[in-house]
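Listed below, chain by chain, are the residues.
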Amino acid sequence: AGLTQCKKSGGGDANTIVVGEVAALSGGTATFGQSSHAGTQMAVDEINASGGLLGKKVTLITEDDQSKQGEAGTVAKKLISREKIVALLGEVASGRSLEMAPICQKEGVPMISPASTNPKVTEVGDHIFRVCFIDPFQGTVMAKFALARGWKKVAVMTDVKQDYSVGLSQYFKEYFTKNGGTIVGDQSYSSGDKDFKAQLTKLKEGAPDAILASGYYNETGLIAVQCRELGISAPLLGGDGWDSPSLVEVAGKAIEGSFFSNHFSAEDKAPIIQNFITKYKEKNDGKTPDAMAALGYDSMMILGAAIKKAGTTEGKALRDAIATTKDHAGITGVISLDEKRNANKPAVILTIKDGNFVYVETVAP
Ligand code: PHE
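Numbering of residues starts from 1 in every chain and runs along the sequence as written. The predicted nature of this model means local features are confined to residues of pLDDT at least 70 and side-chain atom pairs, given and counted, to a pLDDT of 80 or more, with totals for whole chains, interfaces and linings taken over all residues. Hydrogen atoms and water are omitted, and side-chain values are computed over all heavy atoms in the structure.

Examining the sheet that holds strand S10 (residues 259-262)
When DSSP finds two or more bridges between two strands, those strands count as paired. A helix here means a DSSP run of H or I that spans at least four residues, while a strand means a run of E at least two residues long, and both kinds are numbered starting from the N terminus. The strand order across the open sheet formed by 7 strands is S7-S6-S8-S9-S10-S13-S14, and the pairing between neighbours is mixed. On the outer flanks of this sheet lie strand S7 (182-189) and strand S14 (356-363), each paired with one strand and no other. On average, each strand axis in the sheet is tilted by 25° relative to the strand beside it, whichever way the strands run. Bridge count for strand S8 (residues 210-213) against strand S9 (residues 236-238) is 2 bridges, and the pairing is parallel. When the sheet's bridge partners are listed, Leu212 is paired in S9 with Leu237. Residue contacts follow a heavy-atom distance rule, with two residues in contact if any of their heavy atoms lie within 4.5 Å. For helices, the axis comes from a line fit to the C-alpha atoms of the stretch in contact; other axes are also lines fit to C-alpha atoms, and the angle between any two N-to-C directions lies between 0 and 180 degrees. Sheet strands touched by helix H5 (residues 135-148): S9, S10, strand S13 (347-353) and S14. Its angle to S10, the strand with the most contacts, is close to 145°. Helix-sheet contacts for helix H7 (residues 197-205) involve strand S6 (153-159), S7 and S8, and the interaxial angle to S7 is about 175°.

Listed below in structure tokens is the structure:
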């Protein structure tokens, strides 16, 4: 755009639509942001390659919140006030989305979280959406799975610094205990902790059949290693927060034979998934996309479809268009947003075998 066209109103100039993204590109959950950003950027590039939206190109402006609570809100405000973004994509971690959501709601800027699964995120208000399932479902999926395997005694490790982990543990326990299971130990830790031996020693006393580790990949990897060091051989169970190549790098053999629920399996032979994987690998040095990459892509494609449908990027009209998203063929499944602005989609359960994430089963809502 020429210098005369740089007046910003409602996002971008006469030739561009500016979309904001907040992602953890560094810090304790860096693979979440790196992957979701790569997926989101891929969607932007595809939209622009096929003519853009409303006759304009889409520009994605990404801010790194360094995986820090506190920083997500700060950079979200900056994107809204300085860049005049038409919508905000992000965050992955529920705690950080919960910080951004009230800001977007107040400013009338639609926000779509690709991957935050805590129910509270979209409860913030009618401008806040997500393209993934929520934790009452994910917790139930893993509790049912444990019961089906005959694991009636489960111990729990919760990251009290993460709304995601707190919620997932709670929903797991609710379903599990209502349906014949017993919680034989319940311990907690804080993001960034490195030594879990005291808590795990207590959990060992309950002789659990399995241990729910409801936090993110770094701490989970260390928990797995320290379980084995303490002679605990029970498998670990977890949710989507495990999905990172770093899990296996940290845990090595200790995480073999454990299980977690996720949004996507790279082993799925559906053409839409395999095409996505091929294109993603071409753009990202041969890296296989994880769930956040697929969800990031889906979040931008849903935003793009809504901008087209609304015929404008004005906040209220765009909000209304996102809210009516129906049967969108996403990489992570068919996405329809319900009246609570959540997506109801199946989960997949994966296990770790020879250092790889291996598909076990799909669980419908
Ligand atoms: N669901 C997690 C949260 O809400 C984030 C996450 C999504 C992590 C997908 C990995 C994969 O905090």
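On we go from here.
Overview of the packing of helix H11 (residues 291-310) against helix H12 (residues 315-323)
Where H11 contacts H12, the two axes come as close as 8 Å, and the packing angle between them is 120°. With respect to their mutual orientation, H11 and H12 come out oblique. The hand of the H11/H12 crossing is right-handed. Between H11 and H12, the contacting residues are Leu303, Ala306, Ile307, Lys309 and Ala310 on the first element and Ala317, Leu318, Ala321 and Ile322 on the second. An angle below 35 degrees is read as roughly parallel, one above 145 as roughly antiparallel, one from 65 to 115 as roughly perpendicular, and any other as oblique. Each helix crossing is assigned a hand: it is left-handed if the near helix lies turned anticlockwise from the far helix by less than a right angle, otherwise right-handed if that turn is clockwise.

Remarks on the site of the ligand
Surrounding the ligand, one finds 13 residues, the nearest of these being Ser94, Thr117, Tyr216, Asp240 and Met292. A 3.5 Å cut-off defines polar contacts: any pair of N or O atoms within that distance qualifies, except that in protein one atom must be a possible hydrogen donor and the other a possible acceptor, and neighbouring residues in sequence count only when both atoms are side-chain atoms. Here an oxygen atom of the ligand sits 2.5 Å away from a polar atom, N or O, in the side chain of Ser94. Interatomic distance of 2.7 Å between a side-chain N/O atom of Asp240 and a nitrogen atom of the ligand. Calculation of accessible area relied on Shrake-Rupley with a 1.4 Å probe; when residues are assessed, cover is drawn exclusively from the protein chains displayed. When isolated, the ligand has an accessible area of 320 Å², and the protein chains bury 100% of it. Class assignment of the residues belonging to the shell around the ligand gives a composition of 7 nonpolar, 5 polar and 1 charged. Think of it this way: one heavy atom of a residue within 4 Å of a molecule or strand is enough to make that residue near it. Three categories are distinguished: nonpolar for Ala, Val, Leu, Ile, Met, Phe, Trp, Tyr, Cys and Pro, charged for Asp, Glu, Lys and Arg, and polar for the others, with Gly belonging to the last.

Re the packing of aromatic side chains
Each Phe, Tyr or Trp ring (for Trp, its six-membered ring) is paired with any other whose centre lies within 6.5 Å, and the angle between the two planes then decides the class: stacked below 30 degrees, edge-to-face above 60, tilted in between. By the definition in use, this model includes 13 aromatic pairs. Between Phe32 and Tyr217, the aromatic rings sit 5.3 Å apart at their centres with planes inclined by 70°, giving edge-to-face as the arrangement. Placement of Phe32 in helix H1 (residues 30-49) and of Tyr217 in helix H8 (residues 217-229) is noted, with a sequence separation of 185 residues between them. Residues Phe32 and Tyr217 agree in their burial class; the two are buried. Only protein chains enter the accessibility calculation, which uses a 1.4 Å probe; a residue is then buried when its area is under 20% of its type maximum, exposed when over 50%, and partly exposed in between.

Quick look at the environment of Thr117
Position of Thr117 among the secondary structure elements: in the loop between strand S4 (111-113) and helix H4 (120-123). Considering only alpha carbons, one finds Thr117 and Val92, 25 residues apart in sequence, at a separation of 8.6 Å. Excluding residues within four positions of it along the chain, Thr117 makes contact with Ser94, Arg130, Cys132, Phe133, Ile134, Asp135, Gln138, Tyr164, Asp240 and His263.

Description of the pattern of salt bridges
Two side chains bearing opposite charge may form a pair once their charged atoms approach each other closely. Just to be clear on terms, a salt bridge is a Lys or Arg side-chain nitrogen sitting within 4 Å of an Asp or Glu carboxyl oxygen. Across all of its chains, the model carries 12 salt bridges by this definition. For Lys173, the salt bridge goes to Asp186, with nearest N and O atoms at 2.7 Å. Remark: Asp186 occurs in strand S7 and Lys173 occurs in helix H6 (residues 163-178); sequence separation between them is 13 residues. Judged by relative accessible area, which is 23%, Lys173 ranks as partly exposed. On the basis of relative accessibility, which here comes to 41%, the residue Asp186 falls in the partly exposed class. One salt-bridge network, in which partners are shared between bridges, spans Asp65, Glu91 and Arg96.

Comments concerning the packing of helix H2 (residues 71-83) against helix H3 (residues 94-107)
Contact geometry for H2 and H3: axes closest at 8 Å, N-to-C directions at 30°. Relative to H3, H2 is oriented roughly parallel. Helix-helix and strand crossings are classified by hand; for H2 and H3 the assignment is right-handed. Counting all contacts with H2, which are made through Glu71, Ala72, Gly73, Ala76, Lys77 and Ile80, the residues of H3 involved are Arg96, Glu99, Met100, Ile103, Cys104 and Glu107. Class assignment of the residues belonging to the contact of H2 with H3 gives a composition of 6 nonpolar, 1 polar and 5 charged.

Some details on the nonpolar core
Counting 73 residues, the largest nonpolar core has Val19, Leu236, Ile255, Met300 and Leu303 as its most contacted members. By residue number, the principal contributor to this core is H11, which donates 12 residues. Sequence-distant contacts of Leu303, that is, excluding residues within four places in its chain, are made with Val19, Ala87, Leu89, Ile112, Leu318 and Ile322. Of all hydrophobic cores here, the second largest spans 20 residues; its members include Val141, Val156, Leu237 and Ala347. For the purposes of this section, nonpolar cores are sets of buried Ala, Val, Leu, Ile, Met, Phe, Trp, Tyr and Cys residues that join through side-chain atoms within 4.5 Å.

Section: the environment of Thr40
Relative to the helices and strands, Thr40 resides in helix H1. Accessibility expressed as a relative area gives 2% for Thr40, which makes it buried. Put simply, Thr40 and Lys316 are 276 residues apart on the chain and 23 Å apart in space, counted from C-alpha to C-alpha.

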